[in-house]
Amino acid sequence: MQHTIKICSFIGLLFFTMNCQPTKEIVTASEERKISATLKQLTTEIYAKASRLDTAQIFADYSPQTTLVYDGQLIPWEAQLAGAKALFGNLREAVLTIDQMEVDVLSPNTAVLYGKYHYKYTDKCDHTVTGNPAWTWIFVRENNVWKIRHAHLSYPAQGEHHHWNTDYLKPARSKKTELLVKDREGTKKESRLMARLSKLSA
């Protein structure tokens, strides 16, 4: 009798444990195709905004909680927004072309988009820079709207490419520090001049 009770208790516990497991969200093939097409279209529109230098809308599809990894650096999102807007504000023309784009749907509300693109930026002084980075975006559906929650951008090991201006990430020098630096530089120049004069008079 006790043996039977133990078996029944074990079966009951096993049944309870199985029912308490989180339900895995299953994506059907049809849903996967739909999500993939939606995100590819959204990405195409984002790059079109960048090509139009539409600084007001370029980052509208990013979540305020977006995280960014850029060429081995963890970039604060607010700093990225400020730097990128300054960059695009200084451009006369931007041409961005997507070369490759793939989507990996993880759940009905999460997907990874990755690929490669190339660009040509021309600033207002007619300086041109080109690049061909690879990138990854993690999309999350928030309130039924797809938003980019994580971004990663990297460049080939070799070749010319443009980096976002990350000077805004460096700590600003105080006025006192600037004066000390200038004074030190002036002292070095004076010492070099005195050394040359000593050689001439020798």
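Our subject is the structure that appears above.
Residues numbered from 1 in each chain as written. Predicted model: local features only at pLDDT ≥ 70, side-chain atom pairs only at ≥ 80, totals over all residues. Heavy atoms only, no water.

**Topic: the overall build of the protein**
1) Next: Scanning the protein for helices and strands turns up four helices and seven strands.
2) Next: Each helix (α) and strand (β) of the protein, taken in turn from the N terminus, gives the series α-α-β-β-α-β-β-β-β-β-α.
3) Next: Taken across its 202 residues, the protein has 28% of its residues classed as buried.
4) Next: Excluding contacts between residues fewer than 6 apart, the proportion of contacts in the protein whose partners are at least 24 apart in sequence is 61%.
5) Next: Roughly 14000 Å² of accessible area belongs to the protein as shown, and the carbon and sulfur atoms make up 56% of that amount. (Helix = DSSP H or I, 4+ residues; strand = E, 2+ residues; numbered from the N terminus. Buried < 20%, exposed > 50% of the residue type's maximum accessible area, 1.4 Å probe, protein only. Contact = heavy atoms within 4.5 Å. Areas by Shrake-Rupley, 256 points an atom, 1.4 Å probe, with all protein chains shown as cover.)

**A look at helix α3 (residues 77-89)**
1) Next: Along its 13 residues, α3 runs 18 Å from first to last C-alpha, staying within 8% of the 18 Å computed at 1.5 Å per residue.
2) Next: All of the buried residues along α3 are W77, A79, Q80, G83, A84, L87 and F88. Projection of α3 onto a plane perpendicular to its axis shows the buried side chains occupying an angular sector of 150°, all on one side. Exposed positions of α3 whose direction lies more than 90 degrees from the buried face are E78 and A86.
3) Next: In this structure, the buried residues of α3 make contact with α2 (29-51), β1 (62-70), β2 (73-75), β3 (91-107) and β4 (110-123). (Expected span 1.5 Å × (residues − 1). Arc of directions from axis to C-beta.)

**Concerning the nonpolar core**
1) Next: Core analysis: the biggest nonpolar cluster contains 36 residues, and L39, L96, L113, Y121, W137 and F139 have the highest contact counts within it.
2) Next: Residue assignment for this core shows that the elements contributing at least two residues are α2, β1, α3, β3, β4, β6 (134-142) and β7 (145-154).
3) Next: Not counting residues within four places of it along the chain, the set of residues in contact with L39 comprises V103, A111, L113, F139 and W146. (Core = buried A, V, L, I, M, F, W, Y, C linked by side-chain atoms within 4.5 Å.)

**Some points on the pattern of salt bridges**
1) Next: A complete count under the given rule lists three salt bridges for this structure.
2) Next: Here D61 makes a salt bridge to K49, at a shortest N to O gap of 3.0 Å. Within this pair, whereas D61 is found in the loop between α2 and β1, its partner K49 is found in helix α2, the two being separated by twelve residues in sequence.
3) Next: A salt bridge links D126 to R92, with the shortest nitrogen-to-oxygen separation between them at 2.9 Å. With D126 in the loop between β4 and β5 (128-131) and R92 in strand β3, this residue pair connects regions lying 34 residues apart in the sequence. (Salt bridge = Lys/Arg side-chain N within 4 Å of Asp/Glu carboxyl O.)

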